[in-house]
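So the chains spell out like this:
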Amino acid sequence: MSATAETTTSSETTAAWDALVPAPDGELRLAHNLYLLLGAFVCAFGLVSLLVKERLYMSEAMVALLVGVAVGPSAAKVLVPADTFGESLSAITFEFSRIVIAIQCMAAGVDLPGNYLWKERLSLAMLLGPLMVFSWLVSALGLYLIIGVPFLESLVIAACLTPTDPVLANSIVKGRFAENHIPLNVRLLLSAESGANDGLGTPFLMLAIYLRNKSPTGVAIGQWFYRVVLYEIGVAVVLGVAVAYLGRKALKFADHRGWIDKESLLSFSIALALLVMGIAVTIGVDDILSVFVAGNVLTWDLWFNRRIRESHFQEVIDALLNLTYFVYIGCLQPWSQFGSSSQLAMWRLVVLAGWMLLVRRLPAVVACYKFVPALKSLKEAFFAGVSIHALGESSVEY
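Just so you know, these numbers come straight off a predicted model, no measurement behind them.

Student: Could you give an account of the overall build of the protein, with specific residues and numbers?
Tutor: Broken down by element type, the protein carries 23 helices and zero strands. For the protein, buried positions account for 44% of its 398 residues. Expressed as a percentage of contacts within the protein between residues at least 6 apart in sequence, the contacts between residues at least 24 apart total 77%. Surface summary for the protein: the accessible area is close to 20,100 Å², and the carbon and sulfur share equals 67%.

Student: Provide a residue-level description of helix α13 (residues 201-213), including the pertinent values.
Tutor: Relative to the 18 Å expected for 13 residues at 1.5 Å per residue, α13 spans 19 Å between its end C-alpha atoms, a close match to the ideal helical length. On its buried side, α13 packs onto α8 (130-147), α9 (151-161), α12 (184-199) and α14 (217-256).

Student: Tell me about the packing of α12 against α13, residues and numbers included.
Tutor: It is at 4 Å that the axes of α12 and α13 come closest, and there the two elements cross at 35°. Note on element contacts: α13 touches α12 through G201, T202 and P203, opposite N197, D198 and G199. Among the residues making up the contact of α12 with α13, the classes are represented as one nonpolar, four polar and one charged.

Student: Run through the packing of aromatic side chains, naming residues and quoting values.
Tutor: For the structure shown, the criterion picks out eight aromatic pairs. Its guanidinium or amino end placed over the ring of W118, R121 lies 4.1 Å from that ring's centre, counting from NZ or CZ.

Student: Pulling in residues and values, what's your account of helix α3 (residues 60-71)?
Tutor: Between its terminal C-alpha atoms α3 stretches 17 Å, which fits the 16 Å expected from 12 residues at 1.5 Å a residue. By the burial criterion, the buried members of α3 are A61, V63, A64, G68 and V71. Along the axis of α3, the buried positions cluster into a sector of 160°, meaning they face one direction only.

Student: Account for the side chain of R98, naming residues and giving values.
Tutor: Relative to the helices and strands, R98 is located in helix α5 (residues 89-111). For R98, a relative accessible area of 12% gives the class buried.

Student: Would you mind going over the pattern of salt bridges in detail, with residue names and values included?
Tutor: Evaluated as defined, the whole model comprises five salt bridges. Note that D301 is salt-bridged to K252, the shortest N-O span being 2.3 Å. You can see D301 sitting in the loop between α17 (287-298) and α18 (303-307) and its partner K252 sitting in helix α14, a full 49 residues away along the chain. Taking the relative accessible area as the measure of exposure, D301 reaches 28% and is therefore partly exposed. Residue classification places K252 among the partly exposed residues on the basis of a relative accessible area of 27%.

Student: Please provide a residue-by-residue account of the side chain of R248, values included.
Tutor: When you line up the elements, R248 lands in helix α14. It turns out R248 is buried and unbridged, and the closest side chain with the opposite charge, D301, is 4.0 Å from it. Those residues within four positions of R248 in sequence are excluded, and the remaining contacts are V297, L298, W300 and D301.

Student: Quick rundown of the environment of M132? Include the residues and the values.
Tutor: Secondary-structure assignment places M132 in helix α8. Here M132 falls in the buried class, since its relative accessible area comes to 3%. In sequence terms M132 and R360 are 228 residues apart; their C-alpha atoms lie 9.6 Å from each other. With residues near it in sequence (within four places) discarded, M132 still touches L127, T162, N197, L200, G201 and F204.

Criteria and cut-off values
- Residues numbered from 1 in each chain as written.
- Predicted model: local features only at pLDDT ≥ 70, side-chain atom pairs only at ≥ 80, totals over all residues.
- Heavy atoms only, no water.
- Helix = DSSP H or I, 4+ residues; strand = E, 2+ residues; numbered from the N terminus.
- Buried < 20%, exposed > 50% of the residue type's maximum accessible area, 1.4 Å probe, protein only.
- Contact = heavy atoms within 4.5 Å.
- Areas by Shrake-Rupley, 256 points an atom, 1.4 Å probe, with all protein chains shown as cover.
- Expected span 1.5 Å × (residues − 1).
- Axes fitted to C-alpha atoms, helices over the stretch in contact; angles between N-to-C directions.
- Nonpolar A, V, L, I, M, F, W, Y, C, P; charged D, E, K, R; others polar.
- Phe/Tyr/Trp six-rings, centres within 6.5 Å; stacked < 30°, edge-to-face > 60°.
- Lys NZ or Arg CZ within 6 Å of the ring centre and 35° of its normal.
- Arc of directions from axis to C-beta.
- Salt bridge = Lys/Arg side-chain N within 4 Å of Asp/Glu carboxyl O.
- Lys, Arg positive; Asp, Glu negative; His and termini not counted.

Below, the structure written as structure tokens:
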């Protein structure tokens, strides 16, 4: 064969191959870089995860956040969400947060022992009622006094800071250190609170919005009560109970007759979280609260817990989602705006952080711990008050 014929054949082969597997454009190349980055980070962190958590006392969320800062627009500029997603950035961030929180709240509900919410109803009523109101108002007061945000606007922002995060709370209540040093009753209470109040931030947020946008005040409160409290919250609880109860019955029925395999059984709680979330969003009720309630109802009689006792499937999914999410959040934060104006001066931000750590929650928990049966001593109350300041995924979603 002549050289010309060989060249022609080679060119035709290359063209055919390029048509079959085209060279990646900019967006595909970005996706490939993300695969490389996330895969390398998860593998590298996995090799030293126990060392980081037990010796350096750093949670996986903190490490992932720092990695996000390093590869984001503030440093290496490998991942710049604003450029990648453009006008869809807010919607993508919201839906990403919603999915991660829903799965985490389902996990929080499943991890609780049986009918824990009912057994500790008095303790949870205190933490999710007066304590959340106190945290909301104190957070708003800090924003008003320190940052200078108008008070009604500060109520809106404070409502986003009131819920605690079950993902970040897990770094406190789970792991070898927590098991050795934190009493079980405190760990269970904080886990239940962090899962439940993720959804209960909605009434505070909507009340602040109604007060800001509607008048007179009596009309605003009335509309808020029947639209948000009765419908969004009340129907969300009913939905979570009903769907999880029917799901548990169906799961037992299928398992008893040998219709369901192990893989489907293990993934049932995650699928149930997505189902409940989808129904809740469709009918306009609080999806996160509904998912948490569903998780607790699913394990009400401990049957589901016993069936998945030896599996860590859900923990694996949680870890992958959390690492990916906090890398994304690290890239997303507008770090360059910190200290960029007198209102966001660094001293104001530092003082506000101290206010949130010392005033937002601790005084109320210490003062009211005798009305929280799950807390047995002042020492436990102090720990519960000072440890759970986990503001993460839920704040971003709100």
